[in-house]
Amino acid sequence: MKISENISLGPLNSFGVDGRARRLVEWESAAELARVDFSEPWMALGGGNNVLFTTDYDGTLVKSVARGIAVTGETAETVRVRAEAGVDWDDFVAWCVERGFWGVENLSAIPGTVGAAPIQNIGAYGAEVGDVVVAVECFCVETGGVLTLAREHCGFGYRSSVFKGVLRGRVVVTAVEFGLSKEPRPNLKYAVLAERVAKISSPPAPPAGETTTPQESGLLVQIRGAVMEIRSGKLPDVRVLGNAGSFFKNPAVSAEMGRLLAERYPAMPVYPTGEGGSKLSAGWLIEAAGWRGRSVGRVGIHRDQALVVVNLGGATGEEIVEFARRVQDDVRAKFGVDLEPEVNVLPQAR
Ligand code: EPU
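Residues numbered from 1 in each chain as written. Predicted model: local features only at pLDDT ≥ 70, side-chain atom pairs only at ≥ 80, totals over all residues. Heavy atoms only, no water.

1. Overview of the sheet that holds strand S7 (residues 78-84)
- The strand order across the open sheet formed by five strands is S6-S7-S12-S10-S11, and the pairing between neighbours is antiparallel. Taken across any chain shown, the strands that pair with only one partner, and hence form the sheet edges, are strand S6 (69-74) and strand S11 (146-150). Going across the sheet, the axis of each strand differs from the next one's by a mean of 20 degrees, ignoring polarity.
- Examined bridge by bridge, strand S10 (residues 133-140) and strand S12 (residues 171-181) share seven bridges and lie antiparallel to one another. Residue Val 136 lies in a different strand from S12, and its bridge partner there is Val 176. (Pairing = 2+ DSSP bridges. Helix = DSSP H or I, 4+ residues; strand = E, 2+ residues; numbered from the N terminus. Axes fitted to C-alpha atoms, helices over the stretch in contact; angles between N-to-C directions.)

The structure is reproduced here in structure tokens:
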């Protein structure tokens with residue numbers, strides 16, 4: 001376990017916001033966590049890809065540097081894989097794809113760590129990590145013990161879980177167990193992905209009289225490649241422009257509100273949620289409000305994806321929050337819809 005005092009926050013958050021934290025603890029096991037003083041303010045940090053510090057952090061940041069990945073069980077068709085919290089998420093996806101294990105390929109190239117993935121139930125291109133989680137292992141800061149939560153107890157929802165709810169500030173995720181498939185399970189329900197995969201995988205026509213069989217392990221690699229291409233075309237590289245991916249969640253509204261909006265704005269995407277409500281697209285709303293590519297001072301909205309707030313260089317966390325507020329106010333004034341940040345803004349309002 002490595003303990004550093006008075007450290008710079010800059011390298012620890014993808015927004016590239018400056019500041020300092022009182023202490024950083026880099027841990028490898030629950031036994032090490034048991035030696036940390038959790039009576040003072042503390043926070044678990046993964047890759048710092050979904051957090052915005054608006055002040056110095058007067059507490060302890062606990063960050064996993066445990067990087068083990070292992071197969072923990074298998075049948076002819078399925079495999080269980082356990083990955084420790086500090087594994088880079090995309091290294092984990094690459095590891096699975098290399099071995100022909102299906103289930104996380106649509107989540108390729110999402111920045112962050114395995115330990116952070118279940119907390120906000122990362123999702124993209126028709127998949128969510130909660131779909132393939134078997135169990136989440138945690139260290140409980142209240143009892144000093146370890147606990148394993150089966151998927152059924154993780155309360156996974158759209159960008160949410162029990163770890164953001166009743167267990168917030170009470171447990172540290174130490175490892176995640178995944179249930180993956182050795183049989184092909186292409187998830188191509190997201191139309192843009194299906195089109196991109198078709199482009200990559202359409203083989204040249206076979207010579208007359210011959211037939212070809214699809215190369216299934218090839219398809220897994222192709223889906224990962226297609227996801228990476230789509231993402232890199234829309235989402236800014238944090239090494240170039242500080243950002244935290246989608247800044248806002250796609251808002252959920254009542255079915256009635258969804259119907260009224262669809263009537264008034266025929267181009268607005270409005271999807272049924274399956275729970276009797278409607279889901280809107282925050283990116284569309286922000287773009288329609290005229291914010292795509294616009295900036296105020298050192299903060300802006302990315303030109304290729306309106307959900308992404310970018311640090312144009314040297315912005316403070318306060319400036320970013322202030323900018324996000326303007327966007328929220330404008331969208332509320334124009335469409336009557338509230339945008340809720342997806343990013344964890346610190347310190348949290350009480
Ligand atoms: N749209 C716009 N303008 C924009 C962005 C989107 O009009 O600038 C419209 C699109 O035309 C489309 C709809 O909004 O009709 C949905 O857009 P898209 O499929 O690009 O996805 P998204 O809703 O903007 C969500 C996730 C992303 C994820 C993509 C792909 C959230 C908050 N964001 O974005 O996740 O990669 O779907 O599945 O749910 C992240 O969480 O950090 C993230 C990048």
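2. Considerations on the side chain of Glu 137
- The topology assignment puts Glu 137 in strand S10.
- In this structure the side chain of Glu 137 is engaged in a polar contact, spanning 2.9 Å, whose partner is the side chain of Arg 82.
- If near-sequence neighbours (up to four positions away) are discounted, Glu 137 is found in contact with Arg 82, Leu 147, Thr 148, Val 172, Val 173, Thr 174 and Ala 175. (Polar contact = N/O pair within 3.5 Å; in protein donor to acceptor, adjacent residues only side chain to side chain. Contact = heavy atoms within 4.5 Å.)

3. Remarks on the sheet that holds strand S15 (residues 270-272)
- Spatially, S14-S16-S15 is the arrangement adopted by the three strands of the open sheet, whose pairing is antiparallel. Only two strands of the sheet have a single partner each, and these edge strands are strand S14 (252-254) and S15. Going from strand to strand, the sheet's axes swing by 40 degrees on average, the running direction of each strand aside.
- Of the pairings in the sheet, the one linking S14 to strand S16 (residues 277-280) comprises three bridges and is antiparallel in character.

Taken by themselves, the reported measurements are silent on function.
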